[in-house]
Each structure stands twice: as structure tokens, then as C-alpha cells.
Amino acid sequence: MEIFFTQLTNGLAVGGIYALIALGYTMVYGVLKLINFAHGDLFTIGTYLGLSLLTSLAITDKLGPVAGVILLAVMVMCLVGIVGILLDRVAYKPLRTSPRLSAVVSALGASIVFSNAIMLVYGPSTKVYPHDILTTRVLDIFGLPVPVMRLVILLTSIVLMIALYGFIQKTKIGTAIRAAAIDQDAARLMGINVDRVIMLVFFIGPALGGAAGLMVGLYYGQIKFTMGWIYGLKAFTAAILGGIGNIPGAMVGGLLLGVIESLGAAYISLAWKDAIAFVVLILILIVRPTGLLGERVAEKI
Amino acid sequence: MIDKKTKFRRLVYAAFVLFWMTAPLYLNKYFIDVLNNVALYAVLGLSLNIILGYGGMFHMGHAAFYAIGAYTTAIINIQFGVPVLLIMPLAGMMAGLFALVVARPIIHLRGDYLLIVTIGLVEIVRIALINNVFGITGGANGIFGISSPSIFGYTINGIVHPHHYYYLLTAFLGITIVLFFLLEHSRFGRALRYLCSDEIAAEGSGINTAGYKLAAFVIGAFWAGMTGTLYAAKITFISPESFSFWESVVMFMIVILGGSGSIPGVILGAILIIGLPELFQGLQQYRLFIFGIALVIMMIFRPQGIIPPKPPKYPVNRLDKSEVVL
């Protein structure tokens, strides 16, 4: 029971991170029908920027841990968002009218560029986040141990997701994003600046990815320049699991994948942990390509 | 009949063949080994080209087939002492069989989804190898002591005498080029290209698209598996690290940058991606960074690759009488 509970909370925390990254995939896919392969590397950029800002500015010493980390998160999200916009401008915008697979190859190229740029700037070795920033306390809930950080990560990701969902559903700009996702040309005819919408999507998605990156850094402590693509692939799996292009789907898929993975690691085999996500991905694409919450669409996958 | 461009092209090809044939006379061991790698990756690129270039299927798990070929070779060679060159067809068959099993359910997926699934596939294979599946893959350490190939009692050691191995690989590359050229111009090749450019029209013309796609996968995997034999026998030691996702990316880049669907293009791709960085040793760590940028730039300005395939020609006077309906 204790193992189950520990793995469950662990899975939910990791799942929250997957969900945040998955949102970036799903939003870009929703509007552009493009799998942004470089998204996982934007996440890595978030992790590394977080480390740089943390060590160089020492905000957490000046403002205290909570306010410091929040400010840090805002900075990281803005910076990664800007990188996302640049990525779109340079690598995807010239390919809007080309065959879809050209853009996919370009995304792949961008992913290689990002991960190697990080390696060239920070070096190929594993970097370590400072340990003592946030609490390492472990709560005791009905006799079961729950590290506070896990709760913080889960809550933060849920708050960010709800904020995003509210933004998309309730505001005018959010409506514009939804309209562009359904039909770009019709949206344009309705006076929506689709280019602006795409820019916004490429800001929000990577910003959330950057936030996830910072959380991974703070939670796990160790970061490496290649970590982006494995997180990216798993988050993509989460997006597919929930139904790509569907924002609540990304949240459900992320949390579900996190739980499946950590329970699988505990009860099936730890050594096969990374393979579990891929098996889930392949199965879902074969059995139900539209995902759990995805609607049946005419488009063939 | 022959215009200037074709003449120039032929001249370049002839010069290249001449260089390749005479290279062992003036290049040292190190550079011959580089050319060995170029040849190995050229064959891998060509085998991927059948799936990706002719078939138009975005397959990024080719390293999985390569790995299965190499491991089959290593295991049978070590366990039963069978000479490696005899194992080669079997290695190809194992890889082809694997392709048949795994490609069957995913073949219908659309381009970008297929890409992701095949990435997952190569990772699953790598994890399986690391976890020492069936207890015969040697886990993360891999397998040591694979014997070198021998022809008529003459052993060709790839490490000590790269020159000798060079001839073996050149022969294999030559056979590959000839066979794949014939394949490209066969009924099969035509059907693949047709379904690549318009799947619905191809299906409407009576082409069994799923069957042809699957056949392309199996042929590509078969050839990659055989190449795996030559790789394993060349360095006599294999480990899961040699068959990572990046290996697949490199093969993918070779085909896409060189020119997918074009045999000379793929060979050029192998030279640029495997050979060229060796000339700029100091820039080795920038290698992937530069290739990533090249990939983006190519997609924007020249998505068909450096040497795209020539548009097929069907001169009326050379066709069979029965094929001409006027």
C-alpha cells in the first residue's frame, strides 16, 4: 500500500510536468497541425536558463525562496516563450505553405540545433541545481509520506493548466485561438490576425514547457542537455493519449501517463520504465489514434 | 542526344568511382577507415532510402533493424562459431521478419505519426538490448569477440587492416547500388514512387498500397540487417550504445540532405555527414549543430535535397509494343 501510494504521488507529480509540456505540443498542433519536435528542447532550455538565472542573480537569497522562485519562473517562462517565437519565425514560418513533412524535418533540425547549442554553451556533462532552495520536508498524510515538493509541483501545474484553460475558453484572445484552430481561413475572414495567434501560441506553449523545465530542475536537481527529447517524447505521448489538439486531453493524458509509468516501474520492471511510455504510444496510435478525449475527426491519422 | 548537364554528371560520377577505387593506394589507414564508415552509412542510407525516399514513409527507427542484424550476427557467431559472412543473409532475414511484424500495424499511420512511432520502436529495441532480453544480448556491455569475416580462408580484419575491409565494403556497396538501381526502375520501384506522390490515386489504379509499403519496409530492413553483419564483423564488438536514436537520426539526415529517392544523392549525403566532419577534426563537436542548421535551411530553400532524383523518363521508342497504346 505504501509503495502504491508513493508511486501514485510520484506519478502525479511527474505527470503534471508531462502535462505542462504536452500542452505546448497540443496547442501548436491545434493551430498549425504541426508536431513541434523542438518543443522538448525548449523545455531543456528552460531548465538551463533557470539554473543560470538562479546561480547568477541569486534571487532566492534576496527575496526568499518562494517569491524568488516565482520571479524566476516568470523570467524563465518569458525567455523560453521568446525563444519559441523566434523558433517559429526562423524554422516554421517560411514553411507554412510547404508540404507538412518539410516542416516536420525542419522541426527536427531545430531540435538538433537547440540540444547541441545547449551542449556547446554549458558543456556535455550533467549540471546540478542548488539543493537547498525549496523545502525538502515530507508531510505525513494518514501515515503515508508525501514530500511537499511533489504536492507543490502537482498544484503548480494544475494551477497553470486551469489558468490556460480559462484563458482559452473565456477571453477574446482565447476565442481567437480556438477559431484559428478550427479553420484558419475562416478565422482570417472574421478579422482575426492569424499570424498574431500563431505567435501567441508559440509563446504560451514554450513558456509552459520552460516552467516545466524549471520544475524538473528544482525537483530532480540533475539536468543534462539530452534530457529534452525523452521528456518531449513522453509529453507527446501524453498529448496523443489525451487526444492531440485538445487542451483538457493534454492534462488528463499527462497525469495518466505519469501514473502509468511510475506504477509500471514499481510493479512491472524499473529497467523497462522508459519503454512503457513508448508502448503506450504505439498502442494508443494503433487502437485509438484520436486519444481518450479526442473527437472522431474526418482527418485520417 | 546527351546534353551537357548529363555529360558533366557522368564525368563527376566517373571521377568519383576512380577516386574510390584507387583510394587505398594513397590514403592512410585512418582515412581508409573513414571511407569504410562512409561506405557503411551509404549502404544504410540506401536501405533507408527504399522506405523513406521511394516509399515516402517517415521512418526514423532504422537503427533498430541495423541493431537486429548486428546482434543476430554476434550471437550466432559467438554461440555456434558460424562464419560471419554465412550469417549475413540470416541477419537480414531476422531484421526483415522483425520489420514485417512491427511495421504491419503501424504502416497506415500518417507521416509525422509514423515518425514518432518508429522513434519509439528504436528506443524499445535499445532498452531491450540493455536489459539483456532473453539473456543473450550481453546487456549494456554488449558482445565482444565477434570473428572477422573470411573469404576462401583469407581473414579480413577490419581493425588491423582497414584496407582489406575496404574492398569488402566496396563490393557490398557496389552490389547494393546495382540492385537498388534495378529496383528503382522496376515495376516495384515505380509503384512505390506512385503511391508516395499520390496514395489515393495509386490505390485507385489497383496498387496494393499497404502491401507495397510493407514490402518496402521489409526490403529496407533486410538490407540494414545485412549491413549490421558487416558492422559487427568490422569492429568485432557491439553494444546498445551503437544503435541509439541518434544513429537513426544520422541515417535519416543522410537521406534527406542528400536527396531522398536518389541513389547518388544518398551517397553524397553519407560523404557529407560521415566523411566531411573527419576533415575538420577541430569542429567535431559542432558537427550536429551544423547539420541541424543545414536541415532547417535545406527544408526552406531546397526541400528535395542536394541531388534530387531525376524525373523518370519513358521514351516511347524504347517501350514494348504491347505497352504503347495510342
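Everything here concerns the structure above.
Residues numbered from 1 in each chain as written. Chains lettered and ligands numbered in written order. Predicted model: local features only at pLDDT ≥ 70, side-chain atom pairs only at ≥ 80, totals over all residues. Heavy atoms only, no water.

*Asks:* Just to check I follow, could you spell out the packing of helix 5 (residues 100-122) of chain A against helix 12 (residues 287-301) of chain B for this structure?
*Replies:* When two helices pack together, their arrangement is given by the angle between their axes and by how far apart the axes lie. The N-to-C vectors of helix 5 of chain A and helix 12 of chain B enclose an angle of 155°; their axes lie 7 Å apart at closest approach. When the axes of helix 5 of chain A and helix 12 of chain B are compared, the pair comes out roughly antiparallel. Handedness of the crossing formed by helix 5 of chain A with helix 12 of chain B: left-handed. Residues Ser 102, Val 105, Ser 106, Gly 109, Ala 110, Ile 112, Val 113, Asn 116, Ala 117 and Leu 120 of chain A of helix 5 of chain A lie in contact with helix 12 of chain B, whose contacting residues are Leu 288, Phe 289, Gly 292, Ile 293, Leu 295, Val 296 and Met 299 of chain B. Its residues assigned to classes, the contact of helix 5 of chain A with helix 12 of chain B comprises 12 nonpolar, 5 polar and no charged. (Axes fitted to C-alpha atoms, helices over the stretch in contact; angles between N-to-C directions. Helix = DSSP H or I, 4+ residues; strand = E, 2+ residues; numbered from the N terminus. Parallel < 35°, antiparallel > 145°, perpendicular 65-115°, else oblique. Left-handed = near helix turned anticlockwise from the far one by under 90°. Contact = heavy atoms within 4.5 Å. Nonpolar A, V, L, I, M, F, W, Y, C, P; charged D, E, K, R; others polar.)

*Asks:* Quick question: what am I supposed to make of the packing of helix 2 (residues 29-54) of chain B against helix 9 (residues 209-235) of chain B here?
*Replies:* All names here are of chain B. Between helix 2 and helix 9, the shortest axis-to-axis distance is 7 Å and the interhelical angle comes to 165°. Classified by the angle their axes make, helix 2 and helix 9 are roughly antiparallel. Between helix 2 and helix 9 lies a crossing of left-handed hand. Seen from helix 2, the contacting residues are Asp 33, Asn 36, Asn 37, Leu 40, Val 43, Leu 44, Ser 47, Ile 50 and Ile 51; seen from helix 9, they are Ala 216, Phe 217, Ile 219, Gly 220, Trp 223, Ala 224, Thr 227, Leu 230, Tyr 231 and Lys 234. Looking at the contact of helix 2 with helix 9, its residues break down into 12 nonpolar, 5 polar and 2 charged.

*Asks:* What is the right way to read a nonpolar patch on the surface from this model?
*Replies:* On the surface, a nonpolar cluster with roughly 620 Å² of combined accessible area is contributed by Phe 16, Val 17, Phe 19, Met 21, Leu 25 and Tyr 26 of chain B. For Tyr 26 of chain B, the location among the structural elements is in helix 1 (residues 4-26). (Patch = residues over 30% accessible without salt bridge, like charges linked within 9 Å, V, L, I, M, F, W, Y side chains within 5 Å. Areas by Shrake-Rupley, 256 points an atom, 1.4 Å probe, with all protein chains shown as cover. Salt bridge = Lys/Arg side-chain N within 4 Å of Asp/Glu carboxyl O.)

*Asks:* I would appreciate a short explanation of the interface of chain B and chain A in the present structure.
*Replies:* Chain B puts 38 residues into the contact, and the matching count from chain A is 42 residues. For the pairing of chain B and chain A, the buried interface totals around 3600 Å² over both sides, and the portion due to carbon and sulfur atoms is 81%. Three residues stand out in chain B for area buried against chain A, namely Arg 110, Tyr 113 and Ile 116 of chain B, and they jointly supply 19% of the buried area on that side. For the pair chain B and chain A, the number of links is 0 salt bridges. On inspection of chain B and its partner chain A, the count reaches 2 residue pairs in polar contact (both at pLDDT 80 or more). When contributions to the side of chain B that touches chain A are tallied by element, the ones reaching two or more residues are helix 4 (84-106), helix 5 (111-130), helix 10 (245-258) and helix 12 of chain B. When residues of the side of chain B that touches chain A are assigned to their parent elements, the largest contribution, 13 residues, is made by helix 5 of chain B. Residue composition of the side of chain B that touches chain A, by class: 29 nonpolar, 6 polar and 3 charged. (Buried area = accessible area lost by both parts, 1.4 Å probe. Polar contact = N/O pair within 3.5 Å; in protein donor to acceptor, adjacent residues only side chain to side chain.)

*Asks:* In this structure, what is going on with empty space enclosed by the protein? I would like to understand it.
*Replies:* In this approach, a probe sized like a water molecule rolls over the atoms, and the result shows the empty space that is left. Using the criterion set out here, one finds 1 cavity of 30 Å³ or more in the structure. In this structure, the largest cavity encloses a volume near 220 Å³. Lining the largest cavity are 20 residues, and of these Phe 37, Asp 41, Ser 111 and Trp 229 of chain A together with Phe 245 of chain B sit closest to its centre. If you list the elements that add at least two residues to the lining of the largest cavity, you get helix 2 (39-57), helix 5 and helix 10 (227-242) of chain A together with helix 5 and helix 10 of chain B. (1 Å grid on protein atoms, 1.4 Å probe; cavity = no way out; pocket = protein on both sides within 12 Å on 5 of 7 lines; lining within 4 Å. Points joined across faces, edges and corners; volume = space filled by probe spheres on them.)

*Asks:* Looking at this structure, I do not really get the nonpolar core. What am I missing?
*Replies:* The tendency in soluble globular proteins is for nonpolar side chains to be buried side by side. In this structure, Phe 37, Tyr 231 and Phe 236 of chain A together with Ile 238 and Phe 252 of chain B are the most contacted members of the largest nonpolar core, which totals 206 residues. With 16 residues, the top contributor of residues to this core is helix 2 of chain B. (Core = buried A, V, L, I, M, F, W, Y, C linked by side-chain atoms within 4.5 Å. Buried < 20%, exposed > 50% of the residue type's maximum accessible area, 1.4 Å probe, protein only.)

*Asks:* What should I look at first to understand the side chain of Thr 9 of chain A in this one?
*Replies:* Residue and element names in this part refer to chain A. Topologically, Thr 9 is positioned in helix 1 (residues 2-32). Judged by its relative accessible area of 12%, Thr 9 falls in the buried class. Among the polar contacts listed, one links the side chain of Thr 9 to the backbone oxygen of Thr 6, at a separation of 2.9 Å. Beyond its immediate chain neighbours, meaning those up to four positions away, Thr 9 contacts Val 146 and Arg 150.

*Asks:* Just checking my understanding: could you explain a positive patch on the surface for this structure?
*Replies:* A cluster of basic residues, Arg 10, Lys 310, Lys 313 and Arg 318 of chain B, forms a positive patch on the protein surface. As for its placement among the helices and strands, Arg 10 of chain B is situated in helix 1. (Lys, Arg positive; Asp, Glu negative; His and termini not counted. Charge placed at Lys NZ, Arg CZ, Asp CG, Glu CD.)

*Asks:* What is the right way to read unusual backbone geometry from this model?
*Replies:* Here the phi dihedral of Lys 33 of chain A falls at roughly 55°; this positive angle occurs in a residue that is not glycine. On the secondary structure map, Lys 33 of chain A appears in the loop between helix 1 and helix 2. Using a relative accessible area of 28% as the deciding quantity, one classes Lys 33 of chain A as partly exposed. Non-glycine residue Thr 236 of chain B carries a positive phi angle of around 60°. Looking at the element boundaries, Thr 236 of chain B is found in the loop between helix 9 and helix 10. Accessibility expressed as a relative area gives 19% for Thr 236 of chain B, which makes it buried.

*Asks:* Looking at this model, I keep getting lost on the pattern of salt bridges. Mind explaining?
*Replies:* A pair can form between side chains of opposite charge whenever their charged atoms are brought close. Residue and element names in this part refer to chain A. Following the criterion strictly, the structure yields 10 salt bridges over all chains and no others. Lys 234 is the partner of Asp 274 in a salt bridge, and the nearest nitrogen-oxygen pair spans 2.7 Å. In this pair, Asp 274 is assigned in helix 12 (residues 273-287) and Lys 234 in helix 10, connecting sequence segments 40 residues apart. On the accessibility criterion, Asp 274 (28% relative accessible area) is partly exposed. Owing to a relative accessible area of 5%, Lys 234 belongs among the buried residues under this scheme. Through salt bridges with shared partners, a single network forms among Lys 234, Glu 261, Lys 273 and Asp 274.

*Asks:* Would you mind showing me how to read the environment of Ile 85 of chain A here?
*Replies:* Relative to the elements of secondary structure, Ile 85 of chain A occurs in helix 4 (residues 65-92). For the pair Ile 85 of chain A and Gly 205 of chain A, spaced 120 residues apart in sequence, the C-alpha separation works out to 9.9 Å.

*Asks:* Any chance you could explain the layout of surface pockets here in plain terms?
*Replies:* The volume enclosed by the largest pocket comes to roughly 2000 Å³. Lining the largest pocket are 43 residues; nearest its centre among them are Arg 9, Tyr 13, Phe 181, Pro 264 and Lys 310 of chain B. Listing elements by their share of the lining of the largest pocket, those giving two or more residues are helix 1, helix 6 (162-184), helix 7 (187-197) and helix 11 (263-279) of chain B. Top contributing element to the lining of the largest pocket by residue count: helix 1 of chain B, with 11 residues. Its residues assigned to classes, the lining of the largest pocket comprises 26 nonpolar, 7 polar and 10 charged. Counted as a void, the second largest pocket has a volume near 1300 Å³. Around the second largest pocket, the lining comprises 42 residues; the ones closest to its centre are Leu 101 of chain A together with Gly 55, Gly 56, Cys 196 and Ser 197 of chain B. Among the secondary structure elements, those contributing two or more residues to the lining of the second largest pocket are helix 5 of chain A together with helix 2, helix 5, helix 7, helix 8 (199-204) and helix 9 of chain B. Looking at side-chain class alone, the lining of the second largest pocket contains 20 nonpolar, 13 polar and 9 charged residues.

*Asks:* In this structure, what is going on with the pairing of strand 2 (residues 138-141) of chain A? I would like to understand it.
*Replies:* For a regular strand, the rule is simple: side chains alternate between the two faces of the sheet. Residues and elements named next belong to chain A. Of the pairings in the sheet, the one linking strand 2 to strand 3 (residues 144-147) comprises 4 bridges and is antiparallel in character. Across the sheet, the residue bridging to Leu 139 is Val 146, located in strand 3. Counted between consecutive antiparallel strands, the loop separating strand 2 from strand 3 contains 2 residues, among which Phe 142 sits at a positive phi close to 50°. (Pairing = 2+ DSSP bridges.)

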